[in-house]
Amino acid sequence: MNETVAAVGPWLEYLDLAGIAFFALSGALVAAAKRQTLVTFIFFAVITGVGGGTVRDLLIGAPVFWIETNVILFICLAAGLIVWFLPDRVWRGSAMLWLDAFGLAAYATFGAAKGLAYGVAPLPALGMGVLTACLGGIIRDVLSGEPSILMRPELYVTAAALSAALMVGLLLIGLPGPIAGAIAALAGFALRGAAIRKGWSLPAYQR
């Protein structure tokens with residue numbers, strides 16, 4: 001890894017854990033909506049929580065982040081159990097959308113920074129942020145039989161790209177990692193939140 005690791009610091013680990021937790025909760029919520037078993041709750045929590053990060057690590061040549069520690073799978077297990085045991089009314093409405101928005105922003109920011117830390121060029125590092133943020137949700141939607149978020153015009157990948165681009169740009173100009181990460185994650189979450197509340201979307205192809 002290069003100097004970006006020192007610039008980012010261990011603070012990034014907390015951003016990573018937050019992204020995993022929020023995505024795992026969103027995965028378990030899909031199982032709840034489908035009235036599935038506890039095993040399925042946990043499976044969806046795990047696949048949504050680690051899916052994007054696993055592919056990212058394989059592409060950048062990093063050790064797959066959940067293989068050498070128990071913490072990641074414990075977080076996913078806990079997310080599945082939390083959704084299973086809490087009353088259904090807690091999760092009604094747009095809970096999954098907001099949890100997914102938190103995870104999207106955190107994971108896109110972390111994925112871009114980790115790409116830079118492993119020597120990935122800036123533009124591919126941006127792509128690593130988007131991949132990290134979006135792939136777990138895509139796998140979740142495909143396995144549950146829901147229309148993929150990629151096939152909807154609402155601002156989703158765009159919000160991930162905003163967080164990733166800001167993280168790459170701010171780190172490259174020398175902004176400290178925690179400040180760059182906070183700005184990038186908040187910007188992506190704000191854009192995704194606005195899309196959820198106001199229905200913002202990109203124009204669809206009309207020709």
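Provided above is the structure to which this section pertains.
Residues numbered from 1 in each chain as written. Predicted model: local features only at pLDDT ≥ 70, side-chain atom pairs only at ≥ 80, totals over all residues. Heavy atoms only, no water.

Draft legend 1. Up close: the packing of aromatic side chains. According to the stated counting rule, one finds 6 aromatic pairs in the structure shown. Centre to centre, the rings of Phe43 and Phe44 are 6.0 Å apart; their planes meet at 85°, and the pair counts as edge-to-face. The exposure class of Phe43 is partly exposed, given its relative accessible area of 45%. Members of the aromatic cluster, joined through ring pairs, are Phe22, Trp98, Phe102 and Phe189. Lying across the ring of Phe65, Arg56 places its NZ or CZ 5.5 Å from the centre. (Phe/Tyr/Trp six-rings, centres within 6.5 Å; stacked < 30°, edge-to-face > 60°. Buried < 20%, exposed > 50% of the residue type's maximum accessible area, 1.4 Å probe, protein only. Lys NZ or Arg CZ within 6 Å of the ring centre and 35° of its normal.)

Draft legend 2. Quick peek at the side chain of Asp100. Within the secondary structure, Asp100 sits in helix H5 (residues 95–117). For Asp100, a relative accessible area of 4% corresponds to the buried category. Side chain to side chain, Asp100 and Arg140 meet in a polar contact 3.0 Å long. Setting aside residues no more than four positions away along its own chain, Asp100 makes contact with Phe23, Ser26, Arg140 and Tyr156. (Helix = DSSP H or I, 4+ residues; strand = E, 2+ residues; numbered from the N terminus. Polar contact = N/O pair within 3.5 Å; in protein donor to acceptor, adjacent residues only side chain to side chain. Contact = heavy atoms within 4.5 Å.)

Draft legend 3. Quick look at the side chain of Thr132. Locating Thr132 in the fold gives a position in helix H6 (residues 122–144). You can call Thr132 buried: its relative accessible area is 1%. One polar contact links the side chain of Thr132 to the main-chain carbonyl oxygen of Met128, over a distance of 2.6 Å. Ignoring sequence-local partners within four residues, the contact set of Thr132 consists of Gly52, Gly53, Arg56, Tyr107 and Gly111.

Draft legend 4. Structural context of unusual backbone geometry. In this structure, Arg35 takes a positive phi of about 55° despite not being glycine. With respect to the helices, strands and loops of the structure, Arg35 is situated in the loop between helix H2 (11–33) and helix H3 (38–60).

Draft legend 5. Geometry of the pattern of salt bridges. Counted according to the given criterion, the structure contains 5 salt bridges. Residue Arg56 is joined to Asp57 by a salt bridge in which the shortest nitrogen-to-oxygen separation is 2.9 Å. Grouping residues by exposure puts Arg56 and Asp57 together as buried. The closest approach of N and O atoms between Lys114 and Asp57, which form a salt bridge, is 3.0 Å. Here Asp57 lies in helix H3 and Lys114 lies in helix H5, a separation of 57 residues in the sequence. With respect to burial, Lys114 and Asp57 carry one shared label: buried. (Salt bridge = Lys/Arg side-chain N within 4 Å of Asp/Glu carboxyl O.)

Draft legend 6. Examining the nonpolar core more closely. The biggest cluster of nonpolar side chains holds 35 residues, and the ones touching the most others in it are Ile20, Val83, Leu104, Ala133 and Cys134. Looking at this core, the elements with two or more residues in it are H2, H3, helix H4 (71–85), H5, H6, helix H7 (157–172) and helix H8 (177–198). If you tally residues by element for this core, the top one is H2, at 9 residues. Contact partners of Ile20, with chain neighbours within four places excluded, come to Gly49, Phe65, Ile72, Ile75, Cys76 and Tyr107. (Core = buried A, V, L, I, M, F, W, Y, C linked by side-chain atoms within 4.5 Å.)

Draft legend 7. Focus on the packing of H5 against H7. Two elements in contact, H5 and H7, have axes separated by 8 Å at closest approach and are oriented at 40°. It follows from the interaxial angle that H5 and H7 lie oblique. H5 and H7 meet at a crossing whose hand is right-handed. Of the residues in H7, those touching H5 at Leu104, Ala105, Ala108, Thr109, Ala112, Ala113 and Leu116 are Ala159, Ala160, Ser163, Ala164, Met167, Val168 and Leu171. Broken down by class, the residue content of the contact of H5 with H7 amounts to 12 nonpolar, 2 polar and no charged. (Axes fitted to C-alpha atoms, helices over the stretch in contact; angles between N-to-C directions. Parallel < 35°, antiparallel > 145°, perpendicular 65-115°, else oblique. Left-handed = near helix turned anticlockwise from the far one by under 90°. Nonpolar A, V, L, I, M, F, W, Y, C, P; charged D, E, K, R; others polar.)

Draft legend 8. Region of the structure containing a nonpolar patch on the surface. A surface patch of nonpolar side chains, about 300 Å² in accessible area, is lined by Leu150, Met151 and Val157. Along the chain, Val157 falls in helix H7. Residue class for Val157 comes out partly exposed when judged on its relative accessible area of 30%. (Patch = residues over 30% accessible without salt bridge, like charges linked within 9 Å, V, L, I, M, F, W, Y side chains within 5 Å. Areas by Shrake-Rupley, 256 points an atom, 1.4 Å probe, with all protein chains shown as cover.)

Draft legend 9. Representation of the packing of H3 against H4. Contact pair H3 / H4: the axes reach a minimum separation of 8 Å and the direction vectors enclose 135°. Relative to H4, H3 is oriented oblique. When the axes of H3 and H4 are compared, the crossing they make is right-handed. On the side of H3, the interface is formed by Leu38, Phe41, Ile42, Ala45, Val46, Gly49 and Val50, while H4 contributes Ile72, Leu73, Cys76, Leu77, Gly80, Leu81, Val83 and Trp84. A breakdown of the residues in the contact of H3 with H4 according to their chemical character gives 13 nonpolar, 2 polar and no charged.

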